[in-house]
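# Architecture and fold: a report
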Amino acid sequence: MKQSRPGIVVVGGGHAGVEAALAAARIGVQVTLVSQRRREIARMSCNPSIGGTAKGQLVREIDALGGAMAVTIDATGIQFRRLNTGKGAAVQASRAQADRQAYLTRMLETIEQQPSLRIVEDEAIGITARGGRVRGIALKGGGELDAEAVVLAPGTFLNGLIHIGEETWPAGRMGEGPSTSLPVSLTGLGFRTNRLKTGTPPRLAAHSIDFGTLAVQLGDADPRPFSFSTERIVRRQVPCHVTRTTEATHRILRDNLHRSAMYSGRISGVGPRYCPSVEDKVVRFGERSSHIVFLEPEGYESHEIYPAGLSTSLPRDVQEAFIRSIPGLGSAELTVPGYAVEYDAVDSTQLSHSLETQAIRGLFLAGQINGTSGYEEAAAQGLMAGINAALWLLDREPLVLSRSEAMIGVLIDDLVTRGTGGEPYRMFTSRAETRLHLREDNADLRLTAHAARVGLVSAARLAKVDALERAVEVGREALLSVRTTPNAAARATMERVGLPPPRMPMSAWAVLGLPGARHSQLVAAGLAEVVPSRVAEQLEILAQYERYLVRLADDAQERRAWERVTLPPTLDFHTIAGLSIEVRERLARVRPASVGQAQRIPGVTAAAIEALMTHLRVSRSERFDVDGSTLEAARGA
């Protein structure tokens, strides 16, 4: 049976799929979300938490762009914590432990209440394409769904294979079958794929754990919401507990490495480097006598505990043995064993920056199919794929975020330009050249205007952000206009409020830029007026980062100049003189849209860029979106 009105079909109900479906429907197009099981939509397959270093930035950016993840975790979180609070604002991050079932239920309710969005319980078994353009999907239950655009977000289901020790069986995740036909369809359309692996720890029965012997980890006394629209967190918070592996744990693991699916050779996929299994830890970090384990409740009503740090693919009997060698877990009972899952992923360099595939127009990919790991990375891609699929239907320009304006821009540019390097990709703040600018605290200031332009946030929300931006600028100008001198009275006042006494005349803005200075201290010293807390926070961060942010802005302007030197999609890199065979192959594989993107492709040298620029200058014509002045500006002439 076919749809009467083709729109967008989103395949997969994980974190990428739900954000894609909601975004497209909210923009105003008809969306069908295809998922094998309605009641498993937005399921947290691994850690029941949202956020963390760099990931917290992604969640706040998703919220600033009108996504659902931040609002949902605010409504269902059971412990909220700010990380790295002793460091600068650029690396501070939010993390929340979720009530796993409540999160799923809340997200499903959001989807069910969204106009123009329907759910179909079925399995996509093929992509229909004609003339280089997507036409819909084929369903396992029979028939097809016509679509003008398709967002493919199948998670770990493509040829999914679960491993527990010597046991192996086809599955996308525990309790759900794999997708075996869809990978055949993708390779038939010419997509390059690779094999990746991820894993999860066993789940433990809460009643079998001796919590009284373990260190307690509490949430923040005044938890900070993820969403800019959440006033405050009022939910009851629950404690987590901390323990560590022992030498006995490591001995059991080393003695049974031959039974691990990973070390026995049964797993061919590459696992995440930065989230290794516990058996991988004892091999790679053999000098360490212990590794930390966080015992995290899975919800208010749940009787299961998630032992973060103990991902494994060892047999169940070995899992029980090493778990019980850990303090507090001597009588622990496994409710679900840990396991590894292998799956197919598509080479992400086959995508454009809108997450549309280069080979098939109207086909967008998001989430783990692009080689990423983590709920947050998946949700960010899903949101952008959903936005751009809707804009594609409406004949509007895609929304592409630059590396200098969003962590999401860094994530997508890394995937499209560099690929994942054959291993699951994880977001880090160090991947961003402008990470001092791409902070959690200013995500709405950076991105809300984009969301308003595509129709994902209201005019009232944009006006609120604009008012904040104006208030910060007014506050900055006021501080610049107030000066203090190094006389005795000023020194005494500064010392009284805990500020360093001035050694020379300086503005109140300069005083606020001193290490550790707070706006409230300036108010106490009579150097500033009281302002809302959000304005004060922005003033403090901007004053202390100012000289670095100015430099970043200059660097970003230079990078934007290179991005303006666009490359035509028909450019034959094999005809460009001065390029090595290897560089020609790399450029032809990625097909960069600009010289700036070409610069970021691994293995493309400065000499190769010069040869490319020479070719553009010689071959310049109307089919190239460049002119002499742009070329010279980009080269820094």
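Computed from a predicted structure; not experimentally measured. (Residues numbered from 1 in each chain as written. Predicted model: local features only at pLDDT ≥ 70, side-chain atom pairs only at ≥ 80, totals over all residues. Heavy atoms only, no water.)

## Observations regarding the packing of aromatic side chains
- The full count for this structure, using the stated rule, is 0 aromatic pairs.
- Residue placement shows Arg476 over the ring face of Trp509; its charged tip is 5.2 Å from the ring centre. (Phe/Tyr/Trp six-rings, centres within 6.5 Å; stacked < 30°, edge-to-face > 60°. Lys NZ or Arg CZ within 6 Å of the ring centre and 35° of its normal.)

## Focus on helix H17 (residues 581-590)
- Considered for burial, the residues of H17 that qualify are Val583, Arg584, Leu587 and Val590. One side of H17 holds all its buried residues, which, seen down the axis, span an arc of 145 degrees.
- Directly beyond the C-terminal end of H17, a positive phi value near 55 degrees is found at Arg591. (Buried < 20%, exposed > 50% of the residue type's maximum accessible area, 1.4 Å probe, protein only. Helix = DSSP H or I, 4+ residues; strand = E, 2+ residues; numbered from the N terminus. Arc of directions from axis to C-beta.)

## Side note on the nonpolar core
- Core analysis: the biggest nonpolar cluster contains 102 residues, and Ile8, Ile137, Ile387 and Ile408 have the highest contact counts within it.
- Tallying contributions element by element places helix H9 (residues 375-393) first for this core, with 13 residues. (Core = buried A, V, L, I, M, F, W, Y, C linked by side-chain atoms within 4.5 Å.)

## Structural notes on the sheet that holds strand S12 (residues 193-200)
- Judged by pairing direction, the sheet is antiparallel, and its 4 strands sit side by side in the order S11-S10-S19-S12 without closing on themselves. Single-partner strands in this sheet number two, and they are strand S11 (167-170) and S12. Within this sheet the neighbouring strands show an average axis-to-axis angle of 25 degrees, counted without direction.
- The pairing of strand S10 (residues 161-164) with strand S19 (residues 339-346) spans 3 bridges and is antiparallel. Bridging from a neighbouring strand, Leu161 pairs with Glu342 of S19. (Pairing = 2+ DSSP bridges. Axes fitted to C-alpha atoms, helices over the stretch in contact; angles between N-to-C directions.)

## What to know about the pattern of salt bridges
- Tallied over the entire structure, the rule returns 37 salt bridges.
- Glu440 is the partner of Arg82 in a salt bridge, and the nearest nitrogen-oxygen pair spans 2.7 Å. Of this pair, Arg82 sits in strand S4 (residues 77-83) while Glu440 is found in the loop between helix H10 (407-418) and helix H11 (443-454), placing the two residues 358 residues apart along the sequence.
- Arg82 gets classed as buried once you look at its relative accessible area, which sits at 16%. (Salt bridge = Lys/Arg side-chain N within 4 Å of Asp/Glu carboxyl O.)

## A short note on the confidence of the model for the protein
- Averaged over every residue, the pLDDT of the protein is 91; residues scoring 70 or more account for 96%.
- Long-range and interchain partners of residues 621-637, a stretch whose pLDDT sits below 50, account for 30 contacts in this model, where long-range means more than four residues apart. (pLDDT = per-residue confidence, 0-100. Contact = heavy atoms within 4.5 Å.)

## Regarding helix H3 (residues 69-76)
- Among the 8 residues that make up H3, 6 are buried, leaving the element largely enclosed by the rest of the structure.
- Within H3, the full set of buried residues consists of Met69, Ala70, Thr72, Ile73, Asp74 and Thr76.

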